Structures are given as C-alpha cells and as structure tokens.
Amino acid sequence: KERNTPHTFLTRVQSNVFHHTELYGEERLIVRRGQPFNIILHLKPGSGEFKPEAAGFTFTVETGPLPRKGSDTKVSFGLHESTVDTEWSASATHDPSGNTLSVSISSSPNAPIGRYSLTLDQEGQTTSLGEFILLFNAWCPSDAVYMKSNTKKQEYVLAQHGQVYRGTHKRIKGLCWNFGQFDPSILDICLTILDANPKFAADADKDCSARRNPIYVTRVISAMINSNDDRGVLVGNWGEVTDGVHPGRWMGSGDILRQWAESGPVRYGQCWVFAAVACTVSRALGIPCRVVTNFGSAHDTDANLIIENVYNVDGEKISRDSVWNFHVWVDSWMTRPDLGSEFDGWQTSDPTPQERSDGVFCCGPAPLKAIREGELTKKYDTPFIFAEVNADVVDLVQRSSGETVKFAGSTTSVGRSISTKAVGSDERWDITHQYKYPEGSKEERKVFEKAQHNNKLQQQGEEPSLRLKIKLADNMIVGKDFEVSAVLTNNCTVAKTCTLMFMARAVGYNATRGQGIEFVTDIVEVAPGEGYRVSLGIDYKHYGPVITSDRLIQLSAVATDKQTRDYFKAEKTIVLDEPEIEIELVGELKVKRSVTAQLTLLNTLPERLRDCSFTIEGVGLTDGKPITENIGTVEAKQEAKASISFIPTSVGSSKLLVNFDSDKLKNIRSFINVVKHIYE
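Source: prediction; values computed, not measured. (Residues numbered from 1 in each chain as written. Predicted model: local features only at pLDDT ≥ 70, side-chain atom pairs only at ≥ 80, totals over all residues. Heavy atoms only, no water.)

**Topic: helix H8 (residues 271–285)**
- The end-to-end C-alpha distance of H8, which contains 15 residues, comes to 21 Å, matching closely the 21 Å that a straight helix rising 1.5 Å per residue would cover.
- In terms of residue burial, H8 counts as a mostly covered element, since 15 of its 15 residues are buried. (Helix = DSSP H or I, 4+ residues; strand = E, 2+ residues; numbered from the N terminus. Expected span 1.5 Å × (residues − 1). Buried < 20%, exposed > 50% of the residue type's maximum accessible area, 1.4 Å probe, protein only.)

Right, here's the structure in full:
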C-alpha cells in the first residue's frame, strides 16, 4: 500500500522536476504525457521475496466523470520488465532492505490531458494510490506539441512574463504582461475552464477523450475565453466602462482567472486581454503558445477578402468592413495530422468574439502555412484570418445620387509589422514573413489571387491628378496642444478648384469612431504643380474629454474636384505619447524580506487628476495578486508619488509591473526586471 512518507514526497518532487512542472509546486504530482514518473509502494512486513512479474499487479488510470476503456479515459496495464514510450505501461524495482517497490509509470504520448486517479488491483483487492494531473509535453518527440528547441520551450511553455504590442504600425509600444501560469490555483482553474465548456455538458466522456488532441483543446480555449456563448472567462467591452474593470487596467491573467473561478464571467476584456489569458491557459496545459499583434488588421464582414470602405460626400464612413489599428491573437504550436505534415507548426487562434465558427464565437486553429499560401480550404477559419493579414482595401464614395464610385485602394495597408516577443529577450520580433509574402511581390499577389478564387480585384488606373497628404507634429504628448496639417498637391497642368475638408476625431483601436474633435472646410484653388496647406489645431480642451484610454486620434482629409467630381482622401491615426513612470526599489531584493517600490509620474495634463492610484504586480513578488496604493488627487503639472512595499516569495528573475490610473489619465504602464535572492 502507499503511505504518506518522506520517500513518497521526494519521489513526487523529483518527478515534477524531471517533467518541468516543479513551478506548479511540490504538493502534488503533475506530469507531462509520454514520459515516465515514479511512485513508491510500501510492502506489508514479512512479505518475503517479491517478484514484480509474479505479483499480479494491475494499474488503472481514469480521467473524467464517466471513464470508459473504449474512449481511452480509462486504461489498465500490468507490470513489465520495462516501460514503453507509446502507451501506458509500468515497470518495478524491488528494494528488499527497505521493503519498498519503486514503480515507474509511463503515460501514452496521445493520452487525454487532465485530472487522473491511479488505482492498484492485486488479486481482486483494489487500493487507491492517489491522483495526478497529466499535461501536454513539448519535451516528448511523440507528443503532438513537441518542440525541438529548448530555448523556445523555455519561452513558449515556461516563461511567465511576456510583451503584448499595441499602437499603430508606425508607433508600436510593448505592454508587459504577467501570464502567471504557475501561480497557485491557476492550473486547476484552467482545467475547470475545460469542464465548463458546453461540449463537456453535452457528452463529458467524448469531450474528455478529445482532450488528447491539442487542436480540439485550442478550439475549446478560443471559445471559452470569451463569454458570448457560455459562461466563459471574459466579457468584451469596446465602449464606456461603468460597472467593471477597464480592459486597460489588467496587468496579468491570474487576477482575471481567479475572479472567473469565484464569480463567473469577468468584466471586461478587449483583444489583447482575451489573447493574453488564452496564452496563460495554453501554457498552463502544456501547449507552446505566443501572443501575436497584427497592425492594420482587417475585419472582413462579407468574406470576399476585400475591405470595402464606403464614404458619403462628407467623408463619413457608412460601410461595415473595417481595418483595426491593431488586433491581438495567439499562435499555438502543434502537428496537424488532419491536414498533413506540411501544415505542422504554428497555428493561429483568436479568442476575441468577432464572428461565429460552427455556430460558436471562436476562431482557429488555422495553420500559418495555409494563411501564407492562401490555402483557404484548410480548417479552421483560415479565410477570416487570411483577410485579417492580407485583404485588399477599396475606397468608394457614395454620391448624393446614390452612385458608388471607386476613388482609391491599397494592397499594402493590411497586415503590417506582425509582432511577437522575441525568444529569450524583451525585444519585438517582426514575424510578418511567417504570415505572408512581401507586400507587392509576385508571390504575394499570386497567393491573393488564388485565395480569391479568380475573383480578382480591379487594379487602380492612372496616377491621380490630385494628392492629399497629412503631416504630423513632433512630441504629441497627452495633455499638450499641437498642430497637424493636410497638404493638397495639384499634379495637373491646369488649376484645380476643390472643396477641402480636414477633421480630427477620437477613435478606438478597433476602428470604432468616437466624437469629433476639430473640423475645418474651405473651397480652394490650387495652381498647376503647386500645393495648398490647411492646418488644424488639436487642443487638449477639445480632445481630452473624448479620447479613449487608447489615446488615439484619427485625422481625415477629403478633397473633391469641383470640375470632375473626383474624390480624394488621406487618413492617419496618431497615438499620443504618455508620461513615464519612474520606478526605484529601496532595499535588497531578497526572499521573505520587505522591499519598497518608489513610484513617480508627472501629470502632463493642464488640469487636476482625481482618484489616482499606483498598482504593482509580479510573479514571486506580490504573492500572485496586485497591490494598489490610492493617492487621491494630483494637481496639474505636478508629480504623482507612491511607495508600495512587498515581500518576494521565491528566488529567480521576474518583472515588477506597474500601472498608474486616474479619472483622466488612465492605464499608464511600466515595468522593471528584477532578480530575487535567498535571504540569509
């Protein structure tokens, strides 16, 4: 029988280290499939010489509420001379001096992941040996998620921090995120998410059996991170937040997952939050995963692979297709036996609820190879993701008569600077080449034409007679006034009389149009070869009350040739710079010894900030939970200051994440790298 002795405990610790699961803790056995683990059986006194092959031992492992042998959720196996790496098996070594039996158990590399029970039957007498958790195994060559590179496994399975990129393709900013997949209770919550899946309620054994397949599990994660069809983790909100946590305030996944486990769907998330939480769940379950940002991300509502921007004569958009400033999803690493080995590797999935797939708000996994090559028949949801990174854009104007006329277009504005964190560093890695051929190349155009199934986009004709260009100011910091301009250039040999409009409005990162900020219109005459400049003052008193926490302002210039009625448009989205948080640690960073973070931020706004607070969080630093210090009001052009103490709980490298929030200056983020030492 099994006894709770130091020998049993040490075996569990050694197995966890061998299986790269020691960061989950030492309290229980957590192992990866396709790899042996050890247990110690203590024999009854006076058992005499023990021969394993003659003992009549039968081990049984079970997972799920209704385990069945036919679905491999229940497997029985005996003792053999050695274990095998293709199926559940066991071997044993007898130590007569200690009257113990060391049993090595190897799981199948194709076994369903999840919570398991282990029992021993000896000649009809059944003994429960305990429970363990089985995960996917990126270290096992026979596992579908096997990844050869050790540095990549460290990054995509074991790393607890990452960078999530936001902004625009010209102003990319990294946001440090605490994935925290090894925090206490997080693995159990991730397994509970699988059990909360509606497919589990419909047929628990079928669902548990399907958890052998990372394709299936990834698709379930994509559906369960949003709550549109079920009691999933996050509720999306792209508008004003009045009753929950603004998406920009989250610093890590742990707080979100714990709130979900306690009280159901968490308010609120946007794309980077959905993706980061999906990455945490994937890594916790053993699936290599990375967070990816696509700048200039198309949302093709009618599945024709073309973004049709239709405007009225005043420059207002009246169509549903859109191009988001950025969109964030995840890539997961696995084989695709359902499609063929050429589609193995990174697979894109997107937990942000945008469109239904098989009746459910989920997306993917779709192979990057299929996206790059335009193989849109390869599942799952490849056409939608292909359009996100490679759709063509057509701009049309609807005249007062109802006639719709094409006036511009682009084959290069969608899918720019596709970014993820580099392996082993905090640098940004541009992975656009993994999703698409270089823009404008013969290969890229050929792929697009194949993807359209010969529904080719009509190409732009002659060089336009008039050109519009928007020019920006330097140092566009939130709280400051600045000036931008639009320049209309006449490339014709005759003068042109035009109606010129130049406007600024608040906008969300997902292209949601907010309130107007400034507007100017004029009738101008431009001589041949000359240009006309119109300026627009962007004052804080006008943009401050209407911009979102994304701090984005969209500039649009529209010109109409009064003779030909031709229509011209230029558009730019600017990201306002934010003040920086200064972080200084006071005291030595040692485990179980208090250290203080001194935090400072300059209020760049010309008005008082209310409800100001600093929040810190870090793996092994703040005991898995954020710590907030409320500091009240901060006057215009004054510094916000706070001192927050915390006690590190584990040794090693980590990141201290800091967030500043107030009524008018929201979600300012920073971080520092730290190394925790043993307290002596």
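**A look at the UniProt feature "active site" (unreviewed entry) in the protein**
- According to UniProt, the positions carrying the feature "active site" (unreviewed entry) are Cys-271, His-327 and Asp-350. For this annotated set, covering 80 residues, all C-alpha atoms fall within 9.7 Å of each other, a compact arrangement in space.
- You can see Cys-271 is positioned in helix H8.
- Among all residues touching Cys-271, those that are not within four sequence positions of it are Trp-238, Phe-326, His-327, Val-328, Thr-352 and Tyr-509.
- Within the secondary structure layout, Asp-350 lies in the loop between strand S16 (345–349) and strand S17 (366–367).
- What makes Asp-350 buried here is its relative accessible area of 1%.
- If we ignore the near neighbours within four places in the chain, the residues touching Asp-350 are Ser-222, His-327, Val-328, Trp-329, Cys-362, Cys-363 and Glu-388. (UniProt positions renumbered as here; feature names shortened; annotations may be inferred. Contact = heavy atoms within 4.5 Å.)

**Looking at the environment of Leu-576**
- By the element assignment, Leu-576 lies in the loop between strand S28 (567–575) and strand S29 (581–586).
- Once the C-alpha coordinates of Leu-576 and Gly-167 are considered, the two residues, 409 residues apart in sequence, prove to be 9.6 Å apart.
- When near neighbours in sequence (up to four residues on either side) are disregarded, Leu-576 contacts Met-476, Val-478, Phe-482, Tyr-543, Ile-547, Arg-551 and Ile-553.

**Observations concerning the state of the cysteines**
- On inspection of all chains with the given rule, the structure shows 0 disulfides.
- Its sulfur unpaired, Cys-271 is 13 Å from the next cysteine sulfur, which belongs to Cys-363.
- Judged by relative accessible area, which is 0%, Cys-271 ranks as buried. (Disulfide = S-S within 2.5 Å.)

**Re the packing of aromatic side chains**
- Applying the stated criterion to the full structure yields 22 aromatic pairs.
- Ring plane angle 10° and centroid distance 5.3 Å describe the contact between Tyr-116 and Phe-132, whose orientation is recorded as stacked. Of this pair, Tyr-116 sits in strand S7 (residues 114–122) while Phe-132 is found in strand S8 (residues 125–135), placing the two residues 16 residues apart along the sequence.
- According to the relative accessible area criterion, Tyr-116 is buried, its value standing at 3%.
- The exposure class assigned to Phe-132 is buried, which follows from its relative accessible area of 3%.
- Ring geometry for Trp-272 against Phe-326: centres 6.3 Å apart, planes inclined by 45°, an arrangement best described as tilted. (Phe/Tyr/Trp six-rings, centres within 6.5 Å; stacked < 30°, edge-to-face > 60°.)

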